[in-house]
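Letter by letter, the chains look like this.
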Amino acid sequence: MLDLTGKVALVTGGARGIGRAICLRLAAQGADIAILDAGNPAVGEQTKADIEALGRRALFVTGSVTDPEQCDAFVKAALDAFGQVDILVNNAGITRDDLVMRMSLDEWKAVLEVNLFGAFYCTKAVVRPMFKAKRGGRIINMSSVSGQAGQTGQANYSSSKAGLIGLTKACAREFASRAITVNAVAPGFITTELTKDLPAELQEAIRAQTPLGHFGTVDDIANAVAFLASDEAAYITGQVLAVDGGLVMM
Ligand code: NAI
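These notes cover the structure that comes with them.

Rules and cut-offs
Per chain, residues are indexed from 1 in the order of the written sequence. In keeping with the model being predicted, local features are shown solely for residues with a pLDDT of at least 70 and side-chain atom pairs are shown and tallied solely at 80 or more, while totals for entire chains, interfaces and linings include all residues. Where side-chain values are given, they derive from all heavy atoms of the structure, hydrogens and water being excluded. Each helix is a run of H or I in the DSSP string that is no shorter than four residues. Each strand is a run of E no shorter than two, and both are numbered from the N terminus. Whether two residues are in contact is decided by their heavy atoms: any pair within 4.5 Å suffices. Computed with the Shrake-Rupley method and a 1.4 Å probe, the accessible areas treat only the protein chains shown as cover for residues. Charged residues are defined narrowly, with Lys and Arg counted positive, Asp and Glu counted negative, and His plus the chain ends left uncounted. Positions of charges follow a simple convention, taking NZ of Lys, CZ of Arg, CG of Asp or CD of Glu. DSSP calls a pair of strands paired once it identifies at least 2 bridges connecting them. To obtain an axis, a line is fitted to C-alpha atoms, over the contacting stretch when the element is a helix, and the angle between two such axes runs from 0 to 180 degrees between their N-to-C directions. For this analysis, a nonpolar core means a set of buried residues of the types Ala, Val, Leu, Ile, Met, Phe, Trp, Tyr and Cys, connected via side-chain atoms within 4.5 Å. Buried means the residue's accessible area, taken with a 1.4 Å probe over protein chains only, is under 20% of the maximum for its type, while exposed means over 50%, and partly exposed covers the values in between. Orienting the strands away from the viewer, one traces the path from the first strand over the helix to the second; a clockwise path indicates a right-handed crossover.

1. Considerations on the overall build of the chain
In terms of regular secondary structure, the chain is built from 8 helices and 7 strands. Overall, the chain is about 50 × 40 × 40 Å in size when its C-alpha atoms are taken along their principal axes. Relative to all contacts within the chain whose residues are 6 or more apart in sequence, the contacts with residues 24 or more apart total 75%. In the structure as shown, the chain presents an accessible area of about 11700 Å², 55% of it carried by carbon and sulfur atoms. Here the chain carries 23 positive and 26 negative side-chain charges, and the mean point of each set is 7 Å from the other.

Put into structure tokens, the structure is as follows:
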């Protein structure tokens with residue numbers, strides 16, 4: 001079940017947090033992993049070593065999804081190293097929270113550029129080799145409950161994550177004839193560096209609104225991604241899988 005032996009997965013923002021858990025989970029299922037991450041290279045090198053310790057091949061590239069040339073170079077590096085690409089997880093994401101009245105244009109643009117433009121650049125870079133290889137493929141975009149329901153103080157982030165849902169559905173239609181599925185995962189609140197500094201009262205309020213009554217873990221998200229990446233999910237495309245303890249029910 002969920003066997004990914006012989007597959008190659010590309011994970012953006014894979015050095016830490018949810019991305020790292022996805023890398024380790026896909027590697028545990030048998031995939032070789034390439035990571036593109038703009039953060040501290042030592043963190044990415046550690047994740048690479050941890051993947052290799054699972055017996056898989058790994059590639060770590062420092063770079064930003066905001067630069068289309070770096071996205072192209074990343075895909076090319078993965079193809080050079082592993083000869084194929086089967087799975088792309090557009091996971092890199094940032095927040096720059098502020099109320100609209102106070103949000104600067106830089107904060108608006110920075111979030112859109114990483115979360116939405118970055119996913120578009122990586123998708124564009126990966127589809128040509130996927131089409132050419134005629135092996136099908138999987139693209140999984142990391143959306144958010146904030147993109148489904150909106151969140152005060154997150155106009156930029158909510159817009160980027162809602163945009164990812166549109167991108168997911170458009171690409172699902174465009175790539176379906178090539179057996180490439182495109183789906184989104186919408187995490188609720190997951191304990192990572194991104195969320196650890198949320199004010200305690202906000203964390204409590206979120207817990208109170210979550211039917212399952214607690215935050216999720218990075219492994220909850222990695223499990224959903226592993227399923228969508230697998231052969232078992234071959235007939236699922238254009239969907240948004242909420243992994244949020246029941247926070248948003250649509
Ligand atoms: P994180 O901040 O712990 O990890 C994000 C990773 O992306 C970091 O390794 C960072 O260096 C990398 N990154 C940032 N900008 C980049 C760029 N321009 N190019 C390449 N890499 C870049 O965040 P976390 O919590 O692991 O989030 C991962 C994804 O899940 C994000 O897309 C986030 O929006 C989404 N998400 C997270 C939730 C949470 O509660 N933690 C909830 C809903 C969605």
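2. Quick look at the sheet that holds strand 2 (residues 32-37)
Here 7 strands make up an open sheet; going across it, the order is 3-2-1-4-5-6-7 and the pairing parallel. Both edges of this open sheet fall to strand 3 (58-62) and strand 7 (240-243), since each of them pairs with a single strand only. Each strand axis lies, on average, 15° off the axis of its neighbour in the sheet, ignoring direction. Here 5 bridges tie strand 2 to strand 3, and the two strands are oriented parallel to one another. What sits directly across from Ile35, in strand 3, is Phe60. Helix 4 (residues 105-133) contacts strand 1 (8-12), strand 4 (87-90), strand 5 (137-142) and strand 6 (180-187) of the sheet and is inclined by roughly 175° relative to strand 4.

3. Notes on the nonpolar core
Ranked by size, the top nonpolar core spans 36 residues in total, and within it Leu10, Ala34, Val65, Val126, Ile139 and Phe175 carry the most contacts. The element contributing the most residues to this core is helix 4, with 11 residues. What Ile139 contacts, discounting residues up to four positions off in sequence, is Leu88, Asn90, Thr123, Val126, Val127, Met130, Phe175, Ile180, Thr181, Val182 and Asn183. Formed by 29 residues, the second largest nonpolar core is a distinct cluster that contains Cys23, Ala31, Ile35 and Met142.

4. Here we look at the pairing of strand 6
With 8 of its 8 residues buried, strand 6 lies for the most part within the structure. The side-chain alternation of strand 6 yields two buried faces, one formed by Ile180, Val182, Ala184 and Ala186 and the other by Thr181, Asn183, Val185 and Pro187. In the sheet, strand 5 pairs with strand 6 via 6 bridges, with the strands oriented parallel. The residue bridging Asn141 from the neighbouring strand is Ala184, located in strand 6. In this sheet, strand 7 lies alongside strand 6 in parallel orientation, the contact comprising 4 bridges. The partner of Ala184 across the bridge, within strand 7, is Val240.

5. Examining the pairing of strand 2
With 6 of its 6 residues buried, strand 2 lies for the most part within the structure. Covered by surrounding structure in strand 2 are Asp32, Ala34 and Leu36 together with Ile33, Ile35 and Asp37, the residues of both alternating faces. Bridge count for strand 1 against strand 2 is 5 bridges, and the pairing is parallel. Directly across from Leu10, in strand 2, lies its bridge partner Ala34. Regarding topology, helix 1 (residues 17-28) serves as the crossover connection from strand 1 to the parallel strand 2, and that connection is right-handed. Handedness of the β-α-β unit built from strand 2, helix 2 (residues 41-53) and strand 3 comes out right-handed.

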